[in-house]
Amino acid sequence: MTRSRIRVLIADDHPITADGLRLHLETSLMIELVGVATSFAQLRTLVETTPADVLLLDVTGMQGSAIATIHALRRDHPSIALVIFSSIVGVARDLLAAGAHGYVVKEEHARHLLHAIHAAHHGQRYLSPIVEEYLSGTNQPVALHQLAPKEQSVLELLDKELSTTEIATQLVIDARTVQNYITSMIRKVGVKSRYQLTMWYRNLPKEVDSAEKGIIPM
């Protein structure tokens, strides 16, 4: 009896990344790529019409909340295993808690992605080495309130895509001080760049984010 192939969906907003994944996955006789989505909205439509076993999900640039999307997928499509494939590791604990089965950092060797797909398909968890190292060294995820007030102010302006100089002007501080705040936050959150720091901020669970900012949900 011929064993059926694992049907895989890709959700990534970068065409080059998606094309590279397609080429890599097609080298495996056990995997069949069945669709690609470039936003969370497109993904919701795709999973309704395309049977799949495993979803490879990026969490940045997808125009929406990764946490909310994972919760919805686990609720509405529990048979689809979810593997996060992202450069950001600082949200790993939150996304795994939300229901992701695996987590692979994009900069790691491609074999980890194949291992994660097979593990997730069989109901097992797979974490790539960078994720394992991050989680083992982080007892609790960094929350927004754990950043200094001035760091939070810098982060909010960074999220608005302001430059270091523009942030310094708005906060009336030296540009070198702004860079020091950014460097400190990158270290605390466990990311590698200011872009990844911004993506971490944007993907904070909405209920946590609101509470920490003193906003009372209606």
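Quick notes on the rules
Residues numbered from 1 in each chain as written. Predicted model: local features only at pLDDT ≥ 70, side-chain atom pairs only at ≥ 80, totals over all residues. Heavy atoms only, no water. Core = buried A, V, L, I, M, F, W, Y, C linked by side-chain atoms within 4.5 Å. Buried < 20%, exposed > 50% of the residue type's maximum accessible area, 1.4 Å probe, protein only. Helix = DSSP H or I, 4+ residues; strand = E, 2+ residues; numbered from the N terminus. Contact = heavy atoms within 4.5 Å. pLDDT = per-residue confidence, 0-100. Polar contact = N/O pair within 3.5 Å; in protein donor to acceptor, adjacent residues only side chain to side chain. Axes fitted to C-alpha atoms, helices over the stretch in contact; angles between N-to-C directions. Parallel < 35°, antiparallel > 145°, perpendicular 65-115°, else oblique. Nonpolar A, V, L, I, M, F, W, Y, C, P; charged D, E, K, R; others polar. Pairing = 2+ DSSP bridges. Salt bridge = Lys/Arg side-chain N within 4 Å of Asp/Glu carboxyl O. Right-handed = clockwise from strand over helix to strand, strands pointing away.

1. Quick word on the nonpolar core
One broad trend across soluble globular proteins is that nonpolar side chains are buried collectively. Judged by nonpolar contacts, the single largest core of 54 residues is most densely connected at Leu43, Leu55, Leu95, Tyr103, Leu155, Leu197 and Trp200. When residues in this core are grouped by element, the largest group, 5 residues, is from helix α9 (residues 175-189). Once residues within four sequence positions are removed from consideration, leucine 197 is found in contact with Leu155, Leu158, Ile182, Met185, Ile186, Val189 and Val191.

2. Considering the confidence of the model for the protein
Any segment with low pLDDT has predicted coordinates that should not be analysed in fine detail. Per-residue confidence for the protein averages 83 on the pLDDT scale, and 89% of its residues sit at or above 70. The secondary structure element of the protein with the lowest average pLDDT is helix α11 (residues 206-212), at 41, and the one with the highest is strand β6 (residues 126-127), at 94.

3. Digging into the side chain of glutamine 196
Structurally, glutamine 196 can be placed in helix α10 (residues 194-202). Under the relative-accessibility criterion, glutamine 196 is labelled buried at 7%. Excluding residues that lie within four positions of it along the chain, glutamine 196 makes contacts with Ser87, Ile88 and Val191.

4. Side note on the environment of arginine 75
On the secondary structure map, arginine 75 appears in helix α3 (residues 66-76). A polar side-chain atom of arginine 75 sits 3.0 Å from a polar atom in the side chain of aspartate 76.

5. Considerations on the packing of helix α7 (residues 149-159) against α10
One can describe the packing of α7 onto α10 by two numbers: an axis separation of 10 Å at closest approach and a directional angle of 95°. When the axes of α7 and α10 are compared, the pair comes out roughly perpendicular. Taken together, the residues of α10 that come into contact with α7 (itself represented by Leu155, Glu156, Leu158 and Asp159) are Arg194, Leu197, Thr198, Trp200, Tyr201 and Arg202. A per-class count over the contact of α7 with α10 returns 5 nonpolar, 1 polar and 4 charged.

6. What to know about the sheet that holds β6
Paired through their backbone hydrogen bonds, the strands of a sheet run either parallel or antiparallel. Taken together, the 6 strands give an open sheet; going across it, the order is β2-β1-β3-β4-β5-β6, and neighbouring strands pair in parallel fashion. Both outer strands of the open sheet, β2 (31-37) and β6, are each paired with one neighbouring strand and no more. Pairing between strand β4 (residues 81-86) and strand β5 (residues 102-105): 4 bridges, direction parallel. Paired with valine 83 across the strands is glycine 102, a residue of β5.

7. What to know about the pattern of salt bridges
Opposite charge on two side chains permits them to pair, given that their charged atoms come into close proximity. Counted under the stated rule, the structure contains 8 salt bridges. In this structure, arginine 7 and aspartate 53 form a salt bridge, with 3.0 Å as the shortest nitrogen-oxygen distance. You can see arginine 7 sitting in strand β1 (residues 6-11) and its partner aspartate 53 sitting in the loop between α2 (40-49) and β3 (54-57), a full 46 residues away along the chain. In this structure, aspartate 58 and lysine 106 form a salt bridge, with 3.0 Å as the shortest nitrogen-oxygen distance.

8. A look at the environment of alanine 66
Note that alanine 66 resides in helix α3. Along the backbone, alanine 66 and arginine 202 are 136 residues apart, and their C-alpha atoms lie at a distance of 9.3 Å. Look past the residues within four positions of alanine 66 in its chain and what remains in contact with it is Phe40, Val59, Leu95 and Asn203.

9. As for the pairing of β4
Successive side chains on a regular strand alternate, one facing one side of the sheet and the next facing the other. In terms of burial, β4 is largely enclosed, as 6 of its 6 residues are buried. On β4, burial covers both faces: Ala81, Val83 and Phe85 on one face and Leu82, Ile84 and Ser86 on the other are all buried. Of the strand pairs in this sheet, β3 and β4 are connected by 4 bridges, and their pairing is parallel. The residue bridging leucine 55 from the neighbouring strand is leucine 82, located in β4. The β-α-β motif built from β3, the intervening α3 and the parallel element β4 has right-handed crossover chirality. As a crossover connection, the stretch from β4 through helix α4 (residues 92-98) into β5 is right-handed.

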